[in-house]
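Here are the chains, one letter per residue:
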Amino acid sequence: MASAAEQLAANMNFGAFQKATELHKRILFTLGALIVYRLGTYIPIPGIDPAAFAQAFQGQAQGILGMFNMFSGGAVQRMAIFSLNVMPYISASIIVQLLGTVYPPWEKLRKEGGEAGRKTLNQYTRYLTVVLALFQSFAIATGLQNSPGLVLNPGLFFLASTVVTLTGGTLFLMWLGEQITSRGVGNGVSLIIFAGIVAVLPQGIWQMFTMTRTGSLSPFAMFAIIALAIAVVFAIVFMERSQRRLLVQYPKRQQGNRMFGGDTSFLPLKINTAGVIPPIFASSLLLLPTTAMGFLATADLPAWAQWLPGMVGQLQHGRPAFMVLYALLIIFFCFFYTSVVFNPDDTAENLRKYGGFLPGIRPGKRTAEYLDYVLTRLTVIGAAYITLVCLMPEALIGYFKAPFYLGGTSILIVVSVTMDTVTQIQSHLLAHQYEGLIKKSKLRGGRGGR
């Protein structure tokens, strides 16, 4: 027999959505915030020549700038005020999470601080975001000023205005993402990245059709790319919803003449615990040498460094060396980031603290060892899945010269964020139906009392 929650979920339809006025306000707020973000990606920073910068950007489109341009919705290509996007915030969040596992004071805040500790760590994340944004914006301003023809009036004022503009844009997006999370639907930072990728996807699709029309891409290759993209979407949905459920039992206890407890629940372990972080980190590391050589292309390299351009040239999209290193880095970051976000020792200790145990396994150290055993094997499957999803489009990009926007990383982010947002919408609808049932039961109780 289905539970009450499952029956409510089965009864959710368009009529229930129409009655959820609070959900309507959240969705409208989210859409309005994303529109504001998209408008900001078209406002260029002051003091640059947009035409000259667009021409210079074409030489770096396949490097790390191309990836950042995809995540920012084309803001880097236009050198807009949101060119840094939320990347400094994401980097700061990851650094704080890492330090929260190795730095004792922050580890204590994370484990024992509760809500106050979480707010303190969030504040540290914001401070670190400011530092990273200042550093990155100053590097961008210096690079622009040192490139001839890109800056109209180079000087100290241009450096200061660029640093303030780019840093302010990142802080505004950080605040906007937090507002979406608290007053809208879905994770705000993820939705901002999602909006940027979705905004440039039509450009990649149109580029693919243009290549087919001009003969640069065969019709068979175009249909193969479309079929593979659809297959990848189905694979991502299936794997992201897959989980290993570990049975958790709670012992019965007697209070007076009554028995309490004896419940069972599940500890869900996702196959892909690391999410989309591994391919993003792997892409960033691999594209850094390509971008650096692009900036040094005009410089005279010494004799001992003449081999660098040839070696870095092997790290282009679709090359064998790129794909091998890409796969190895994805696998490494899958295991590394999973160890950061899920600690078997902490989980085992929490189960023991609340009286829960896994059937047939002693609480404490043996439970932690078993959780680590299961999680390691799940991570092997998850790492293989992410690697396959990211490498298959890379092979097409290299063989058919497909657009960079159709890579596995972008599809993975779009599908994952869409699933998370839909799940939150369903949760709001379910909560609305529960509120309706509670109100009806109170009204019936009041009438019965009369």
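Residues numbered from 1 in each chain as written. Predicted model: local features only at pLDDT ≥ 70, side-chain atom pairs only at ≥ 80, totals over all residues. Heavy atoms only, no water.

**A short note on unusual backbone geometry**
Here comes step 1: For N85, which is not glycine, the phi dihedral falls at a positive 55°.
Here comes step 2: N85 sits in the buried class, given a relative accessible area of 2%. (Buried < 20%, exposed > 50% of the residue type's maximum accessible area, 1.4 Å probe, protein only.)

**Observations concerning the packing of aromatic side chains**
Here comes step 1: According to the stated counting rule, one finds six aromatic pairs in the structure shown.
Here comes step 2: With centroids separated by 5.2 Å and ring planes inclined at 65°, the aromatic side chains of F332 and F333 adopt a geometry described as edge-to-face.
Here comes step 3: Between Y370 and Y373, the aromatic rings sit 6.4 Å apart at their centres with planes inclined by 25°, giving stacked as the arrangement. In this pair, Y370 and Y373 are both assigned in helix α17 (residues 365–400), three residues apart and thus about one turn of the helix distant.
Here comes step 4: Counting every residue linked through ring pairs, the aromatic cluster contains Y37, F82, F172 and W175.
Here comes step 5: Cation over ring: R245 sits above F266, and NZ or CZ is 5.7 Å from the ring centre. (Phe/Tyr/Trp six-rings, centres within 6.5 Å; stacked < 30°, edge-to-face > 60°. Helix = DSSP H or I, 4+ residues; strand = E, 2+ residues; numbered from the N terminus. Lys NZ or Arg CZ within 6 Å of the ring centre and 35° of its normal.)

**Concerning the environment of T142**
Here comes step 1: Mapped onto the elements, T142 comes out in helix α9 (residues 114–146).
Here comes step 2: Spatially, the C-alpha atoms of T142 and G155 are 9.8 Å apart, while their sequence positions differ by 13 residues.

**Notes on helix α3 (residues 21–40)**
Here comes step 1: Between its first and last C-alpha atoms α3 spans 29 Å; for 20 residues at 1.5 Å apiece the expected length is 28 Å, and the two agree.
Here comes step 2: Regarding α3, the residues found buried are L23, R26, T30, A33, L34, Y37, R38 and G40. Mapping the buried residues of α3 onto a view down its axis gives an arc of 160°, with all of them on the same face. Residues of α3 that are exposed and angled more than 90 degrees away from the buried face: T21, K25, L28, I35 and L39. (Expected span 1.5 Å × (residues − 1). Arc of directions from axis to C-beta.)

**As for the environment of Y250**
Here comes step 1: Positionally, Y250 belongs in the loop between β1 (243–249) and β2 (252–255).
Here comes step 2: Here Y250 falls in the partly exposed class, since its relative accessible area comes to 29%.
Here comes step 3: Taking the C-alpha atoms as reference points, Y250 and P359, 109 residues apart in sequence, are found 9.9 Å from one another.

**With respect to helix α12 (residues 219–241)**
Because each turn of an α-helix spans 3.6 residues, side chains separated by three or four positions end up pointing in the same direction.
Here comes step 1: Given a rise of 1.5 Å per residue, 23 residues ought to cover 33 Å, and the 34 Å separating the end C-alpha atoms of α12 matches this to within 8%.
Here comes step 2: All of the buried residues in α12 are A221, M222, I225, L228, V232, I236, M239 and E240.

**Here we look at the confidence of the model for the protein chain**
Here comes step 1: With 75% of its residues at a pLDDT of 70 or more, the protein chain has an overall mean of 77.
Here comes step 2: Element-level pLDDT for the protein chain is lowest in helix α1 (residues 4–10), with a mean of 46, against a maximum mean of 90 in helix α10 (residues 156–183).
Here comes step 3: Note that pLDDT drops below 50 for residues 1–9; the model gives that stretch ten contacts with residues more than four away or on any other chain. (pLDDT = per-residue confidence, 0-100. Contact = heavy atoms within 4.5 Å.)

**Some remarks on the packing of α3 against α10**
Here comes step 1: In contact at an axis separation of 9 Å, α3 and α10 are set at 165° when each is read in the N-to-C sense. One way to sum up the angle between α3 and α10 is to call them roughly antiparallel. α10 is crossed by α3, and the crossing has left-handed handedness. Residues R26, F29, T30, A33, L34, V36 and Y37 of α3 lie in contact with α10, whose contacting residues are F172, L173, L176, Q179, I180, S182 and R183.
Here comes step 2: For the contact of α3 with α10, a count of residues per class yields nine nonpolar, three polar and two charged. (Axes fitted to C-alpha atoms, helices over the stretch in contact; angles between N-to-C directions. Parallel < 35°, antiparallel > 145°, perpendicular 65-115°, else oblique. Left-handed = near helix turned anticlockwise from the far one by under 90°. Nonpolar A, V, L, I, M, F, W, Y, C, P; charged D, E, K, R; others polar.)

**Structural notes on the pattern of salt bridges**
Here comes step 1: By the definition in use, this model includes five salt bridges.
Here comes step 2: Here E369 makes a salt bridge to R366, at a shortest N to O gap of 3.7 Å. Linking E369 with R366, this pair stays in helix α17, spanning three residues, or about one helical turn.
Here comes step 3: E369 sits in the partly exposed class, given a relative accessible area of 42%.
Here comes step 4: According to the relative accessible area criterion, R366 is exposed, its value standing at 52%. (Salt bridge = Lys/Arg side-chain N within 4 Å of Asp/Glu carboxyl O.)

**Notes on the packing of α10 against helix α11 (residues 188–214)**
Think of two packed helices as two axes; the pair is described by the angle between the axes and how far apart they sit.
Here comes step 1: Running from N to C, α10 and α11 point in directions that differ by 115°, and their axes come no closer than 7 Å. Classified by the angle their axes make, α10 and α11 are roughly perpendicular. Each of L173, G177, I180 and T181 in α10 lies in contact with α11, whose residues at this interface are G188, V189, L191 and I192.

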